[in-house]
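# Per-entry structural report
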Amino acid sequence: MKKRFEEFLEKRKLDIVTAVLKLVDRVGVAGVTTKRIAHEVGFVEGALYKHFNSKNEIFHRLLEIAEIQLRDNFKELQACEADPEQWLREWFVFVISYLEDFPGIYRILFSDALYNEDKELFKKFKSITWNIKERLEEMLRHGKQQKIFRPDLDAETSSIMYLGMIHTSFTLWNVFEERRKSLRDVSRPLFTQFMNSLLANKEALP
């Protein structure tokens, strides 16, 4: 699975998007201005508008690319015929690795300030999140049917908890650990504990 942006953007737009991700990670969404973006890339501010009409257009494009990459990863997992337990593990690792490579993405995706300003972007994010939740529920139901997961498992609640593990892991990595360790290392014990709580008649996983 390619996680980079080169395949989606021509050189100048790629430079701008890369700059935005770095800026958002440093100063947050509210601190990003077209002037700051242009300075980061080495443009005069006016030159930025040859490539994007506004900073929000950049955020929209980032969300579109993230959606494509998530969809492609779902297809890859389907093609390798992973069982529900393996699917949930591998998709979590993919997302965690993605966020560690591009932490600015997290700040954009979960920015209340941005969504209060741009309702269309919020609708798009909500649609993506809802689709992910439905895929997780489906996989959890399959796991119940195959007796991999507990028979009393609530697929909807567990899918929400699964998504919550992503938030929790990022917060621990960013705030408590101050990124001294890798996000994958920080998330591993939390996710292992969560997965062990789902399993039916199995020894706890290491």
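### Looking at the pattern of salt bridges
In the structure shown here, the tally under the stated rule is 14 salt bridges. Where Glu137 meets Lys133, a salt bridge forms, and the shortest distance between an N and an O atom there is 2.5 Å. One end of the pair, Glu137, and the other, Lys133, are both in helix α8 (residues 119-145), four residues apart, so they sit about a helical turn from each other. One exposure class covers both Glu137 and Lys133, and it is buried. Residue Glu137 pairs with Arg141 through a salt bridge whose shortest N-O separation is 3.5 Å. Of this pair, Glu137 and Arg141 both sit in helix α8, separated by four residues, roughly a single helical turn.

### Digging into the environment of Arg180
Examined against the element boundaries, Arg180 turns out to sit in the loop between α9 (155-176) and α10 (183-198). For Arg180, a relative accessible area of 59% gives the class exposed. Among the polar contacts made by the side chain of Arg180, one reaches the main-chain carbonyl oxygen of Phe176 at a distance of 3.5 Å.

### Points about the packing of aromatic side chains
Per the stated rule, a full pass over the model turns up 18 aromatic pairs. Both rings, one in Phe92 and one in Phe191, keep their centres 3.9 Å apart while their planes meet at 10 degrees; by these two values the pair is stacked. One end of the pair, Phe92, is in helix α5 (residues 84-101); the other, Phe191, is in helix α10, and 99 residues separate them in sequence. Under the relative-accessibility criterion, Phe92 is labelled buried at 2%. Look at Tyr98 and Phe102: their rings are 5.5 Å apart centre to centre, the planes differ by 65 degrees, and that puts the pair in the edge-to-face class. A residue is classified by how much of its surface remains accessible, and Tyr98, at 7% relative accessible area, is buried. The exposure class of Phe102 is buried, given its relative accessible area of 12%. Grouping aromatic residues by their ring pairs yields a cluster made of Phe74, Trp87, Trp91, Phe92, Tyr162, Phe191 and Phe194. A cation over a ring is seen here: Lys13 above Phe52, with NZ or CZ 5.3 Å from the ring centre. We note Lys133 situated over the ring of Trp130; from NZ or CZ to the ring centre the distance is 4.7 Å.

### Things to note about α8
When the terminal C-alpha atoms of α8 are compared, their 39 Å separation across 27 residues agrees well with the 39 Å that a helix rising 1.5 Å per residue should span. For α8, the complete set of buried residues consists of Leu121, Phe125, Ile128, Ile132, Lys133, Leu136, Glu137, Met139, Leu140 and Gly143. Along its buried surface, α8 packs onto α4 (55-79), α5, α6 (103-109), α7 (112-117), α9 and α10. Its side-chain oxygen 3.3 Å from the backbone nitrogen of Glu120, Asp118 forms the N-cap of α8.

### Here we look at the nonpolar core
Counting residues in hydrophobic clusters, the biggest one holds 70 residues, and the most contacted among them are Phe5 and Trp91. Not counting chain neighbours up to four residues away, the residues in contact with Trp91 comprise Leu70, Asn73, Phe74, Leu77, Ile132, Leu136, Tyr162 and Ile166.

### Regarding the layout of surface pockets
Once rolled over the atoms, a probe with the size of a water molecule shows which space is left empty. Roughly 340 Å³ of internal volume is contained in the largest pocket. Taken together, 20 residues line the largest pocket, and the ones lying closest to its centre are Leu70, Val95, Leu109, Phe110 and Ile132. Breaking the lining of the largest pocket down by element, the ones donating at least two residues are α4, α5, α6, α8 and α9.

### Structural notes on the packing of helix α1 (residues 11-27) against helix α2 (residues 34-41)
One way to put it is that α1 packs onto α2 with a least axis distance of 9 Å and a crossing angle of 115 degrees. Where α1 crosses over α2, the two elements pack in a sense that is right-handed. Facing Asp15, Ile16, Ala19, Val20, Lys22, Leu23, Arg26 and Val27 of α1, the residues of α2 in contact are Arg36, Ile37, Glu40 and Val41. Of the residues belonging to the contact of α1 with α2, the class tally is seven nonpolar, no polar and five charged.

Reading guide: rules and limits
- Residues numbered from 1 in each chain as written.
- Predicted model: local features only at pLDDT ≥ 70, side-chain atom pairs only at ≥ 80, totals over all residues.
- Heavy atoms only, no water.
- Salt bridge = Lys/Arg side-chain N within 4 Å of Asp/Glu carboxyl O.
- Helix = DSSP H or I, 4+ residues; strand = E, 2+ residues; numbered from the N terminus.
- Buried < 20%, exposed > 50% of the residue type's maximum accessible area, 1.4 Å probe, protein only.
- Polar contact = N/O pair within 3.5 Å; in protein donor to acceptor, adjacent residues only side chain to side chain.
- Phe/Tyr/Trp six-rings, centres within 6.5 Å; stacked < 30°, edge-to-face > 60°.
- Lys NZ or Arg CZ within 6 Å of the ring centre and 35° of its normal.
- Expected span 1.5 Å × (residues − 1).
- Contact = heavy atoms within 4.5 Å.
- Core = buried A, V, L, I, M, F, W, Y, C linked by side-chain atoms within 4.5 Å.
- 1 Å grid on protein atoms, 1.4 Å probe; cavity = no way out; pocket = protein on both sides within 12 Å on 5 of 7 lines; lining within 4 Å.
- Points joined across faces, edges and corners; volume = space filled by probe spheres on them.
- Axes fitted to C-alpha atoms, helices over the stretch in contact; angles between N-to-C directions.
- Left-handed = near helix turned anticlockwise from the far one by under 90°.
- Nonpolar A, V, L, I, M, F, W, Y, C, P; charged D, E, K, R; others polar.

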